[in-house]
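This is what each chain is made of:
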Amino acid sequence: MCLFCLLYISNMKHILSMAAALLLLFSCATSQDERKGLIADQLFHDQDSILSHAKDYSDTIRIKYAKGLKVDYRKDGIHVTITNPDPAARSAKPQQIIIKKSSSRFICTTALQLGNFEVLGLEDKIVGINSLRHIFSLRMIDQLESGKTAEIGKEGNFDLEAVMAAKPDYILVSASKYGGFEPLKECNIPLILHHGYKETSPLGQAEWIKLIGLLTGETRRANAVFSDIERKYLTLKQEVERTYSDKKKLPTVISGRQLRDGWYFVGGRSYMAQIFKDAGADYIMKDNNESGGVTLDFEAVYAKGVKADFWQTDGSSKGNYTMQSLASEDERYTTMNAYKNKRVIFCDLSQTPYRELAGVQPHFLLADFVKAFHPELLPNYTPKYYHILK
């Protein structure tokens, strides 16, 4: 064989060898990237109860996200300072409580307060609740039916005899309806303001479960559950950032819809607006400075949202709420891009425990929207609250 042929064959072998090595390297890198992209998906399929590992967590509470809570350990007890974290709230005197021993009897006056106990597995410590509306907890329903938990009426019409008979150590009340709880003061039972739902940070809102941990003496449980929520939320948020941070255009989203006198949507500084951002979407109303709900003329919101890629809304239905149901409310909805492309993200408040648990499960709420905006990151995840409307 000629020298030229031998050199040619030798060079070809070298080239093929390098090509094979590069292909293997690329395959490994791709495989690693795919595994990285599935970290959150695997986390959300972890069925192991975090409560079974509570003993491994600290019994000392530290607040990281909740702006309305401050905890100080002193010789005479645990000092807790409670303020309203809503940026729009009028300044009021903070509530100061000193916890010297654990308590086991509580009255809840909102579904979200119940949810704080529920995620900790502490429903048995609820001896009174104001209403059966919006309750999905089977354990709580069973306690109500068996008489272990009493129904105490609602703000403005409390059954004070039932409240006294329940013998609660504390009554948790809502900040926005505080005036309606004035009659409860006649019972001489300490009222604790629960401002969790006023937090604009998703993790800040969930962190109020630590207050329940302090009051009940179940601080290890509270730290364990919150640590699990935080880990899953931040892992998913970071995967979204890593995957889409270099993209010039994120999917856009509009929220709410026409309710009575105007289009109701979430403010640009709200809890939900932060969820949109962390889920990798560009909220059309992000420049709005409100931290709660906002109402504007239909035309004003429609003009901004008509070309949005996605549309988030919620409501209570008596049956199966569909795209047709939405269109029947206002035919102008059908001209919106999100409607035409079947990208309406809907939560049926009558079919899901949203009011009860979403505030203390922001990791699931985030996952619901990531599943809608970027489904490739959570291929095996089944939405818990929000889903694409059909």
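This text goes with the structure placed above it.
What comes next is a walk through the structure. (Residues numbered from 1 in each chain as written. Predicted model: local features only at pLDDT ≥ 70, side-chain atom pairs only at ≥ 80, totals over all residues. Heavy atoms only, no water.)

1. Brief notes about the packing of aromatic side chains
- For the structure on display, the rule yields 18 aromatic pairs.
- Joined through ring pairs, the aromatic side chains of Phe276, Tyr283, Phe310, Tyr354, Phe369, Phe373, Tyr385 and Tyr386 make up one cluster.
- Here the basic side chain of lysine 384 rests over the ring of phenylalanine 364, its NZ or CZ set 4.7 Å away from the ring centre. (Phe/Tyr/Trp six-rings, centres within 6.5 Å; stacked < 30°, edge-to-face > 60°. Lys NZ or Arg CZ within 6 Å of the ring centre and 35° of its normal.)

2. Describing the side chain of arginine 257
- Note on placement: arginine 257 falls in strand 12 (residues 257-259).
- You can call arginine 257 buried: its relative accessible area is 9%.
- A distance of 2.8 Å separates polar atoms of two side chains, one belonging to arginine 257 and the other to glutamate 329.
- Here arginine 257 is in contact with Gly262, Trp263, Tyr264, Trp311, Thr313, Asp314, Gly315, Tyr321, Leu326, Glu329, Tyr333 and Phe346, once residues within four sequence places are set aside. (Helix = DSSP H or I, 4+ residues; strand = E, 2+ residues; numbered from the N terminus. Buried < 20%, exposed > 50% of the residue type's maximum accessible area, 1.4 Å probe, protein only. Polar contact = N/O pair within 3.5 Å; in protein donor to acceptor, adjacent residues only side chain to side chain. Contact = heavy atoms within 4.5 Å.)

3. Re the pairing of strand 10 (residues 191-194)
- Here strand 10 shows no split at all, with Leu191 and Leu193 on one side and Ile192 and His194 on the other all buried.
- Bridge count for strand 9 (residues 170-174) against strand 10 is four bridges, and the pairing is parallel. Of the residues in strand 10, the one forming a bridge with leucine 172 is isoleucine 192. (Pairing = 2+ DSSP bridges.)

4. Concerning the packing of helix 9 (residues 271-278) against helix 14 (residues 362-373)
- One can describe the packing of helix 9 onto helix 14 by two numbers: an axis separation of 9 Å at closest approach and a directional angle of 50°. In terms of orientation, helix 9 and helix 14 fall into the oblique class. Between helix 9 and helix 14 lies a crossing of right-handed hand. Residues Tyr271, Met272, Ile275, Phe276 and Asp278 of helix 9 touch helix 14, and the partners they reach there are Pro362, Leu365, Leu366, Phe369 and Phe373.
- Partitioning the contact of helix 9 with helix 14 into residue classes produces nine nonpolar, no polar and one charged. (Axes fitted to C-alpha atoms, helices over the stretch in contact; angles between N-to-C directions. Parallel < 35°, antiparallel > 145°, perpendicular 65-115°, else oblique. Left-handed = near helix turned anticlockwise from the far one by under 90°. Nonpolar A, V, L, I, M, F, W, Y, C, P; charged D, E, K, R; others polar.)

5. Looking at the sheet that holds strand 12
- Pairing is antiparallel across the open sheet formed by three strands, whose spatial order is 12-13-15. Bordering the open sheet on either side are strand 12 and strand 15 (293-296), each of which pairs with just one other strand. Direction aside, the axes of adjacent strands within the sheet are offset by 40° on average.
- Inspection of the sheet shows strand 12 paired to strand 13 (residues 262-266) by three bridges, in the antiparallel sense. Note that in strand 13 the partner of leucine 259 across the bridge is glycine 262.

6. Observations regarding helix 7 (residues 209-216)
- In terms of burial, helix 7 is largely enclosed, as eight of its eight residues are buried.
- Taken as a whole, helix 7 has its buried residues at Ile209, Lys210, Leu211, Ile212, Gly213, Leu214, Leu215 and Thr216.
- Where helix 7 ends, the next residue or the one after it, glycine 217, has phi of about 80°, a positive value.

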